[in-house]
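# Commentary on secondary and tertiary structure
For reference, the chains in residue letters:
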Amino acid sequence: MQILGVSLVTGENNCAVENNCFSNYNSGATYSANEDCEFLVVGISGQLVFKHFGVGTGDHLNIGGEEYSGSTNPSPPLTVSAADEMSWHSNSDSQLRIGFEICILYNCPTTCSPGSGCLLATTTLTSTL
């Protein structure tokens with residue numbers, strides 16, 4: 001059975017994935033200098049929901065070929081598809097901030113399993129964050 005969500009391809013320090021979410025978020029503490037991560041979307045597509053976003057100048061989160069930094073959630077709403085890659089880099093002399101925690105809001109397959117990140121509703125299938 002294929003796990004749907006986000007996979008950590010390469011990563012160090014605070015880089016993490018959980019189901020349909022990916023992050024470098026360190027429970028409210030700042031992220032580390034010289035972090036490099038690559039994330040891969042596996043079997044789902046949908047809109048990105050930014051739970052936390054605070055990236056210092058000189059650091060960048062790359063989604064769909066665009067680089068994002070700052071403390072304001074990127075807009076307009078961003079979407080990803082299966083097999084899309086996202087990458088993160090923090091340099092050694094950056095302003096370290098809280099980082100990011102991002103989830104993919106997606107339509108679930110016709111069945112949901114425990115820990116899949118989705119919720120089976122009576123008429124619609126939606127992901128939980």
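Residues numbered from 1 in each chain as written. Predicted model: local features only at pLDDT ≥ 70, side-chain atom pairs only at ≥ 80, totals over all residues. Heavy atoms only, no water.

## Overview of the sheet that holds strand β4 (residues 36–42)
Spatially, five strands are ordered β1-β4-β9-β6-β7 in an open sheet, and the strand pairing comes out antiparallel. Of all the strands in the sheet, the pair left with one neighbour each is β1 (5–10) and β7 (66–68). With strand direction ignored, the average angle separating the axes of adjacent strands in the sheet is 25°. In the sheet, strand β6 (residues 60–63) pairs with strand β9 (residues 85–89) via four bridges, with the strands oriented antiparallel. Paired with L61 across the bridge in β9 is W88. (Pairing = 2+ DSSP bridges. Helix = DSSP H or I, 4+ residues; strand = E, 2+ residues; numbered from the N terminus. Axes fitted to C-alpha atoms, helices over the stretch in contact; angles between N-to-C directions.)

## Notes on the nonpolar core
The biggest cluster of nonpolar side chains holds 23 residues, and the ones touching the most others in it are F39, L48, I63 and W88. Mapped onto this core, the elements with two or more residues apiece are β4, β5 (46–54), β6, β9 and β10 (99–106). Per-element tally for this core: the top contributor is β10, with four residues. Look past the residues within four positions of L48 in its chain and what remains in contact with it is F22, I63, L78, V80, I102, C103 and I104. (Core = buried A, V, L, I, M, F, W, Y, C linked by side-chain atoms within 4.5 Å. Buried < 20%, exposed > 50% of the residue type's maximum accessible area, 1.4 Å probe, protein only. Contact = heavy atoms within 4.5 Å.)

## Re the pairing of β9
Residues M86 and W88 of β9 are buried on one face, while the alternating residues E85, S87 and H89, pointing to the opposite face, are not. In the sheet, β4 pairs with β9 via five bridges, with the strands oriented antiparallel. Opposite C37, over in β9, you have W88 as the bridge partner.

## Thoughts on the state of the cysteines
A complete count under the given rule lists two disulfides for this structure. The disulfide that involves C21 links it to C103, with 1.9 Å between the sulfurs. The S-S bond linking C21 to C103 shows a torsion near 100°; that makes this disulfide right-handed. Taken together, the positions of C21 in strand β3 (residues 21–23) and C103 in strand β10 put the pair 82 residues apart, joining distant regions of the chain. The class of C21 is buried, set by a relative accessible area of 13%. (Disulfide = S-S within 2.5 Å.)

## Some thoughts on the packing of aromatic side chains
Remark: the centre distance and the inter-plane angle together describe each pair of aromatic rings, the angle taken between the planes. Counted by the stated rule, this structure contains six aromatic pairs. Note on Y31 and W88: the rings are 5.0 Å apart at their centroids and 85° apart in plane angle, and the pair reads as edge-to-face. Of the two residues, Y31 is situated in the loop between β3 and β4 and W88 in strand β9; the sequence distance between them amounts to 57 residues. No difference in accessibility class separates Y31 from W88, as the two residues are buried. With centroids separated by 6.3 Å and ring planes inclined at 85°, the aromatic side chains of F39 and F100 adopt a geometry described as edge-to-face. Taken together, the positions of F39 in strand β4 and F100 in strand β10 put the pair 61 residues apart, joining distant regions of the chain. We note that F39, like F100, is buried. Three or more aromatic residues joined by ring pairs make a cluster, and in this case those are F22, Y31, F39, W88 and F100. (Phe/Tyr/Trp six-rings, centres within 6.5 Å; stacked < 30°, edge-to-face > 60°.)

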